[in-house]
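Residue-level structural notes
Now for the letters of each chain:
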Amino acid sequence: MRAVLRACSTVFTAGLIMALPVGAAFADETGRIDNVSTKGSTVNVLYSLPGVPDGVSPDLGSVTVSMNGQQFDATAKPASSSTNTVKRTVVLAIDVSDSMKGAAFTAAQDAATAYIDRAPKDVYIGIVTFADKVETVQAPTQDKAALNNAVAGLSLTRTTHLYDGLLQALNLAGTAGQRSILLLSDGQDTTSTPLSTVVAEANGSEVRIDAIALGQKLTADSPLQQVADATHGTVT
């Protein structure tokens, strides 16, 4: 679990803002482009390095940008200290159904708390829970005390509105900046909402969905895997 959370958190702590001329583009297999915006003649690219270990900083002076063999002027700086701020929003979607009772629920709360505590101060975090109903427990905020109190106050009820919970999380993530969802669940959806609806919404949302499947055996056809694949996310 710690390894998964470390990987998730470094998506933000290792984020870079790169400024380059309009028309330039770049890619690297060690990271991913999470957001692109244009200001005048400059393109700002939010480039995440999820594989960078905690405590390790990338060599910003070594960043180069090229396209079709042509080099472009570029500068790089940590996203958290950039003046070209890209709004970053994470929604924690947490399963609070009765099947989570015991170790799974404790693990989910611990994971959520660790994620909140490790997130940079400029990241907005919201919380959606799902069981017999879907609730927005906390709108995206930078108030970590409020977020931790919300997680500590969660309680369990029956059934699992997993798909409706994901749809609400997608809505809560908004439409601007870098947006992602961290889903924590141990079960299958128990409603009539089609998986295809969720996959279609996720695919068109530009929101990355990463999932922690607690106590589940995963296959390529698993619902969580299909949703994550639609957004280039991961399932663990």
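In this report, we go over the structure that sits alongside the text. (Residues numbered from 1 in each chain as written. Predicted model: local features only at pLDDT ≥ 70, side-chain atom pairs only at ≥ 80, totals over all residues. Heavy atoms only, no water.)

Some remarks on the sheet that holds strand β8 (residues 123-130)
Backbone hydrogen bonds hold the strands of a sheet together, and the pairing may be parallel or antiparallel. Operational definition: Should DSSP find at least two bridges between two strands, the strands are regarded as paired. What counts as a helix is a DSSP run of H or I of at least four residues, what counts as a strand is a run of E of at least two, and both are numbered from the N terminus. Think of each axis as a best-fit line through the C-alpha atoms, taken over the contacting stretch in the case of a helix, with angles from 0 to 180 degrees between the N-to-C directions.
Taken together, the five strands give an open sheet; going across it, the order is β9-β8-β7-β10-β11, and neighbouring strands pair in mixed fashion. The sheet is open, and its two edges are formed by β9 (134-141) and β11 (208-213), each paired on a single side. Averaged over neighbouring strand pairs, the angle between their axes works out to 15 degrees when direction is ignored. In terms of strand pairing, strand β7 (residues 88-95) meets β8 through eight bridges, oriented parallel. Within β8, the position partnered with Thr89 by the bridge is Tyr124.

Focus on the packing of helix α5 (residues 195-203) against helix α6 (residues 223-230)
Formally: Between 65 and 115 degrees an angle is taken as roughly perpendicular, under 35 as roughly parallel, over 145 as roughly antiparallel, and anywhere else as oblique. In this scheme, a crossing is called left-handed if the near helix is turned counterclockwise away from the far one by less than a right angle; it is called right-handed if the turn is clockwise. Pairs of residues are marked as contacts when any of their non-hydrogen atoms sit within 4.5 Å. Residue polarity follows a fixed list, in which Ala, Val, Leu, Ile, Met, Phe, Trp, Tyr, Cys and Pro are nonpolar, Asp, Glu, Lys and Arg are charged, and the others, Gly among them, are polar.
Orientation of α5 relative to α6, taken along the N-to-C sense of each, is 25 degrees, at an axis distance of 8 Å. What the angle tells us is that α5 and α6 run roughly parallel. As for how α5 packs across α6, the hand of that crossing is right-handed. Side by side, α5 and α6 meet where Leu195, Val198, Val199, Ala202 and Asn203 of the first sit next to Pro223, Gln226, Val227 and Ala230 of the second. Among the residues making up the contact of α5 with α6, the classes are represented as seven nonpolar, two polar and no charged.

Overview of unusual backbone geometry
Trans peptide bonds make up most of the peptide bonds, and negative phi angles are found at most residues other than glycine. Within the chain, Thr159 stands out as a residue other than glycine whose phi angle is a positive 60 degrees. As for its placement among the helices and strands, Thr159 is situated in the loop between α3 (144-152) and α4 (162-173).

Concerning the pattern of salt bridges
For clarity, the cut-off: In the sections that follow, a salt bridge refers to a side-chain nitrogen of Lys or Arg positioned within 4 Å of a carboxyl oxygen of Asp or Glu.
All chains considered together, the criterion is met by three salt bridges. Arg179 is the partner of Glu206 in a salt bridge, and the nearest nitrogen-oxygen pair spans 3.7 Å. Of this pair, Glu206 sits in the loop between α5 and β11 while Arg179 sits in strand β10 (residues 178-185); the two residues are 27 residues apart in sequence, bridging distant segments of the chain. One salt bridge connects Asp210 with Arg208, and the closest N-O pair in it is separated by 3.1 Å.

Spatial relationships are all this shows, so hold off on functional conclusions.
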